Amino acid sequence: MRLYPNKLDAHLSQSLQPVYLISGDEPLQMMESADKIRARARELGYSGREVFVVDHEFRWNDLLASSDAMSLFAEQRLLELRLEAAKPGREGSKALCEYAARPAEDAVLLVLSGKIDRAGQSSAWYKALDKIGVTMQVWPVAAADLPGWVAQRMRQRGMHPTLEATQLIAERVEGNMLAAQQEIDILRLLYNDAEIGAPEVLSVVGDNARYQTFDLADAALIGNTKRVVTILDGLRAEGIDAVPTLMALTSQLRTLMAITWSVAGGASVAQAMKDARVWQNRQEIFQRALRRHQPAQWEALLLRSAELELLSKGFNRRGDVWDELLELASVIAGQGTLQKTQFSTVV
């Protein structure tokens, strides 16, 4: 039975199913949903708890053996299975199907997993668990809805935020809901039920949007110029060295050129990406980028990145590497065209 996170409270107040599968890539909602199930299980007498972490040393027979073994003290238990990968593999799929066919009479199975794609949701093990229990997918709150989510959270805790305050929190945490919750908790401790506006938020909320160098490359490949600007500003403000930032961008350009050359030689895009070792979950990003520029333009962008490498390392060049990086990444994203180099040779 498929269940949405906002319906979990109502569901748990009425019943407890033999199996709960929670999957997704948003840690706060995953954690809170799992905590609610654990709490409800304790209320109903499931006082025992066994945790299984599916790593390279895990044996699926351990789960099945535990489900078959009755507790020595007639204790009802919560069996918690944590999948490191969203795919349990052939042995895991078989074990989960076997468990679903004979669920433990004295236990509830709680499965926590990363995001499960459409193919995974069509797998035998997923369908088997869904048939006898609850499957719930957790998604991050969309950027446009995050201020409303923040406002609701704050009001639930007796706080009185202004619209400006909730928008500011959402902007600063940039989609990190766990960070947003932490900031809300701090504000509640400091201001309790007082009205909370922008000054109060600015006094305590840090900038949780910590950008990694490859985030810039991904934003450029996707074509999100606004995010390119935001990330570059963040990297620069944090004092990040421009060299690794440029290298991350250059690495993606080289991959794009390799794909372009393979396709020009007669290979399909899928085969070219496979040859270039582009992971399956990143292929859509590269496909979007490939549709944006012609091969000659990608070559020109790669040549410009080589020039910027000389500039970033101080090799007989003078100019602002961050400004040049902004231009390069923006053109990759589809905004504008390459201009004549602004930096000069040092004599």
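Residues numbered from 1 in each chain as written. Predicted model: local features only at pLDDT ≥ 70, side-chain atom pairs only at ≥ 80, totals over all residues. Heavy atoms only, no water.

**Side note on the packing of helix α13 (residues 242-264) against helix α16 (residues 295-312)**
Put simply, the rule reads: Lines fitted to the C-alpha atoms define the axes, with helices restricted to the stretch that makes contact. Angles between their N-to-C directions range from 0 to 180 degrees. Here a strand is any run of E in DSSP of at least two residues, a helix any run of H or I of at least four, and the numbering for each starts at the N terminus. Throughout this description, any angle smaller than 35 degrees is read as roughly parallel, any larger than 145 degrees as roughly antiparallel, any in the 65 to 115 degree range as roughly perpendicular, and the remainder as oblique. In this scheme, a crossing is called left-handed if the near helix is turned counterclockwise away from the far one by less than a right angle; it is called right-handed if the turn is clockwise. A contact between two residues is defined here by any heavy atoms of the two lying within 4.5 Å.
Where α13 meets α16, the closest approach of the two axes is 10 Å, and the angle between their N-to-C directions is 155°. One element, α13, and the other, α16, form an angle in the roughly antiparallel class. Crossing of α13 over α16 shows left-handed handedness. Of the residues in α16, those in contact with V243, L246, M247, T250, L253, R254, L256, M257 and T260 of α13 are P295, W298, E299, L301, L302, S305, L308, E309 and S312.

**A word on the nonpolar core**
In a soluble, globular protein the nonpolar side chains are often hidden away together inside. Going by this rule: Nonpolar cores were defined as sets of buried Ala, Val, Leu, Ile, Met, Phe, Trp, Tyr and Cys residues, with membership established by side-chain atoms within 4.5 Å. Any residue under 20% of the maximum accessible area for its type is buried, any over 50% is exposed, and the rest in between are partly exposed; the area is computed with a 1.4 Å probe on protein chains only.
Of all hydrophobic cores here, the largest spans 36 residues; its most connected members are V228, L249, L256, W298 and I332. Among the secondary structure elements, those contributing two or more residues to this core are α11 (213-222), α12 (225-237), α13, α14 (269-275), α15 (283-290), α16 and α17 (321-332). In contact with V228, other than residues within four places in its own chain, are L216, A219, A220, L326, A329, S330 and A333. Residues L21, F52, V111 and Y126 belong to the second largest nonpolar core, which totals 24 residues.

**Re the sheet that holds strand β2 (residues 48-54)**
Heads up, the condition is: The rule for pairing is simple: two strands pair if DSSP sees at least two bridges between them.
In spatial order, the strands read β2-β3-β4-β1-β5; together these five strands make up an open sheet with parallel pairing. In this open sheet, the two strands that pair with only one neighbour each are β2 and β5 (134-138). Direction aside, neighbouring strands of the sheet carry axes that sit 15° apart on average. Pairing of strand β1 (residues 19-24) with strand β4 (residues 107-113) involves five bridges; the strand directions are parallel.

**Overview of the pattern of salt bridges**
Heads up, the condition is: Salt bridges are defined by distance alone: a side-chain nitrogen of Lys or Arg within 4 Å of a carboxyl oxygen of Asp or Glu.
Tallied over the full model, the rule gives 15 salt bridges. Here D62 and R59 are joined by a salt bridge, their closest N and O atoms 3.5 Å apart. Taken together, the salt bridges that share partners define one network made up of D35, R38, R49, E80 and R82.

**Comments concerning the side chain of H293**
Applicable threshold: Polar contact is the term for a pair of N or O atoms within 3.5 Å; when the atoms are in protein, one must be able to donate a hydrogen and the other to accept it, and sequence-neighboring residues count only if both atoms are side-chain atoms.
With respect to the element layout, H293 can be found in the loop between α15 and α16. Given a relative accessible area of 9%, H293 falls into the buried group. A polar contact is formed between the side chain of H293 and the backbone oxygen of V331, at a distance of 2.7 Å. Excluding anything up to four places from it in sequence, H293 contacts W298, L301, V331, I332 and G334.

**What about the pairing of β4?**
Condition: Orient the strands so they point away from the viewer; a crossover is then right-handed if the path from the first strand over the helix to the second runs clockwise.
Buried residues dominate β4, accounting for seven of its seven residues. The alternating pattern of β4 places A107, L109, V111 and S113 and V108, L110 and L112 on opposite faces, both of which are buried. Across six bridges, strand β3 (residues 77-83) lies against β4 in parallel orientation. Bridged to R82 within β4 is L112. Crossover handedness for the path β3 to helix α4 (residues 89-101) to β4: right-handed.

**A few points about helix α2 (residues 27-43)**
Under the convention used in this document: Multiply 1.5 Å by the residue count of a helix minus one, and that product is the helix's expected span.
End to end, α2 covers 24 Å across 17 residues, agreeing with the expected 24 Å (1.5 Å per residue, within 8%). Residues of α2 that are buried include every one of L28, Q29, M30, S33, A34, I37, R38, R40 and A41, and no others. Capping the start of α2 is the job of one residue whose side-chain oxygen sits 3.3 Å from the backbone nitrogen of L28: E26. Of the residues trailing α2, G45 is marked for its positive phi of about 95°.

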